[in-house]
Amino acid sequence: MTSRGPAAPALKGGGWHRLGNALKTTVLLAGLTALVLVIGQRLGGAQGLAMAGFFAVVMNFGSYWFSDRIALAIHGAQPLPYEQAPWLHEMVERLSARAGMPKPKVYLLPTRQPNAFATGRNPSHAAVAVTAGIVDILDRRELEGVLAHEIGHVRNRDTLIGTVAATLAGVISYAAQMLFWFGGSMLSRGDDEEGGVAGALSNLGLLLVAPIAATLLQLAVSRSREYGADATGAELCGDPDALASALLKMENAAQAMPYDRAPATSHLFIVNPLHHGGVMSLFSTHPPIPERVRRLREMSARRGGGARARGGWEYAY
């Protein structure tokens, strides 16, 4: 691939961010795993604890090795041939080089809502997926900002975190649902040991609180991941204003055409495809778009006006 101008310098820094990300991940996964174990112990004693532990290990193992395939298959994503959009592949290649990582595979989602996500266990096994509708609403400068954000997720090791967290949170929620359907006898388990009705109410309370706690633990990391990817993406493309403009356009489009396929994976996308407003926004995996845009505008002001500060779109083309 040929390019204009001198070679782009590799992106520097990020070590402290990755260390902080690793610590947050450890806390998140430990908290979610503990919830799985507590539910197993409360409802099945020692046997339930062992089964819950085994299930958590299996699910984490599956998430690690197959997270990218699972996420892409759920949304019906297909590989995007180079010949179909060479300019888009060149964007991904250039941004990946700036991030100092291999070029991720590129996929296309068959939906008209403009959106994108990244997945994969590490930079060597990553994929970036864009929706069919994204090129209808974003210009190429804005699309480069979106792709930079997703590559920022890969560089910051966010993609595996999100998938594993979603898997564990999903296990907790699914267990609660199954026990409400089939768990009459299980909810009353421990009548002799724990005071009959009091024990049953305690178990019921656990099942009510556990999914909420799992969601809150997931949100604590998910929101900071989005801010981090915004900052990294703005550095990669050299144009914070482009990403800010793209976020505003995609947010408006999500309101007009929500995409509700596989809600459990909504946290993977750059903007919330479900777009719940009101009180439900408090439980969104994404921070508010106005706050993300404000931070990006401040970055642009500090840099002296977006793309010109570092080349960005003008440099690339």
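Residues numbered from 1 in each chain as written. Predicted model: local features only at pLDDT ≥ 70, side-chain atom pairs only at ≥ 80, totals over all residues. Heavy atoms only, no water.

Chemist: How should I be thinking about the overall build of the chain in this particular structure?
Modeler: Each helix and strand counted, the chain has 11 helices and 4 strands in total. Across the 317 residues in the chain, those meeting the buried criterion constitute 50%. Taking as baseline every contact in the chain between residues at least 6 positions apart, the subset at least 24 positions apart corresponds to 73%. When the accessible surface of the chain is split by element, carbon and sulfur atoms take 64% of a total near 14,700 Å². (Helix = DSSP H or I, 4+ residues; strand = E, 2+ residues; numbered from the N terminus. Buried < 20%, exposed > 50% of the residue type's maximum accessible area, 1.4 Å probe, protein only. Contact = heavy atoms within 4.5 Å. Areas by Shrake-Rupley, 256 points an atom, 1.4 Å probe, with all protein chains shown as cover.)

Chemist: It is not clear to me how unusual backbone geometry should be interpreted in this structure. Could you clarify?
Modeler: For Arg157, which is not a glycine, the phi torsion comes out positive at approximately 60°. Note that Arg157 resides in the loop between α4 (140-155) and α5 (158-182).

Chemist: Just checking my understanding: could you explain empty space enclosed by the protein for this structure?
Modeler: Over the atoms rolls a probe the size of a water molecule, and its path tells where empty space is left. Applying the stated rule across the entire model yields 2 cavities of 30 Å³ or more. Here the second largest cavity is characterised by a volume of approximately 40 Å³. Around the second largest cavity sit Ala118, Glu150, His153, Asp158, Thr159, Arg225, His267 and Leu268, which together line it. For the lining of the second largest cavity, the secondary structure elements donating two or more residues are α4 and α5. Residues of the lining of the second largest cavity, tallied by class, amount to 2 nonpolar, 3 polar and 3 charged. (1 Å grid on protein atoms, 1.4 Å probe; cavity = no way out; pocket = protein on both sides within 12 Å on 5 of 7 lines; lining within 4 Å. Points joined across faces, edges and corners; volume = space filled by probe spheres on them. Nonpolar A, V, L, I, M, F, W, Y, C, P; charged D, E, K, R; others polar.)

Chemist: What should I look at first to understand the pairing of strand β4 (residues 125-131) in this one?
Modeler: On a regular strand, one side chain projects to one face of the sheet and the next to the other, so that they alternate. Judged by how many residues are buried, β4 sits mostly within the fold: 6 of 7 residues are covered. Direction of pairing for strand β2 (residues 105-109) relative to β4: parallel, over a ladder of 5 bridges. Within β4, the residue paired with Val106 across the bridge is Val128. Relative to β4, strand β3 (residues 116-122) runs antiparallel, the two being bridged by 6 bridges. Bridge pairing links Thr119 to Ala127 in β4. (Pairing = 2+ DSSP bridges.)

Chemist: Please explain helix α2 (residues 86-99) as it appears in this structure.
Modeler: Along an α-helix, residues three or four positions apart point the same way, because every turn accommodates 3.6 residues. When the terminal C-alpha atoms of α2 are compared, their 20 Å separation across 14 residues agrees well with the 20 Å that a helix rising 1.5 Å per residue should span. In the segment just after α2, Gly100 is the residue with positive phi, at about 70°. (Expected span 1.5 Å × (residues − 1).)

Chemist: I keep staring at the sheet that holds β3 and nothing clicks. Help me out?
Modeler: Backbone hydrogen bonds hold the strands of a sheet together, and the pairing may be parallel or antiparallel. Ordered in space as β1-β2-β4-β3, the 4 strands form an open sheet in which the pairing is mixed. At either margin of the open sheet sits one strand with a lone partner, and together these are β1 (78-79) and β3.

Chemist: I would appreciate a short explanation of the environment of Arg155 in the present structure.
Modeler: Along the chain, Arg155 turns up in helix α4. Accessibility expressed as a relative area gives 8% for Arg155, which makes it buried. Considered as a pair, Arg155 and Thr232 are 77 residues apart in the sequence and their alpha carbons are 8.6 Å apart.

Chemist: For this particular structure, what's the right way to read the nonpolar core?
Modeler: Burial of nonpolar side chains together is a common tendency in soluble globular proteins. Judged by nonpolar contacts, the single largest core of 36 residues is most densely connected at Leu88, Ile134, Val146, Leu147, Ile151, Leu247 and Met250. Sorting the residues of this core by element identifies α2, β3, β4, α4, α8 (197-237), α9 (240-256) and α10 (289-303) as the ones contributing at least two each. The element best represented in this core is α4, accounting for 6 residues. Once residues lying within four places of it in the same chain are set aside, the contact partners of Val146 are Ala116, Ile134, Leu138, Leu243, Ala246, Met250 and Ile270. Residues Ala71, Tyr107, Phe117 and Phe269 belong to the second largest nonpolar core, which totals 11 residues. (Core = buried A, V, L, I, M, F, W, Y, C linked by side-chain atoms within 4.5 Å.)

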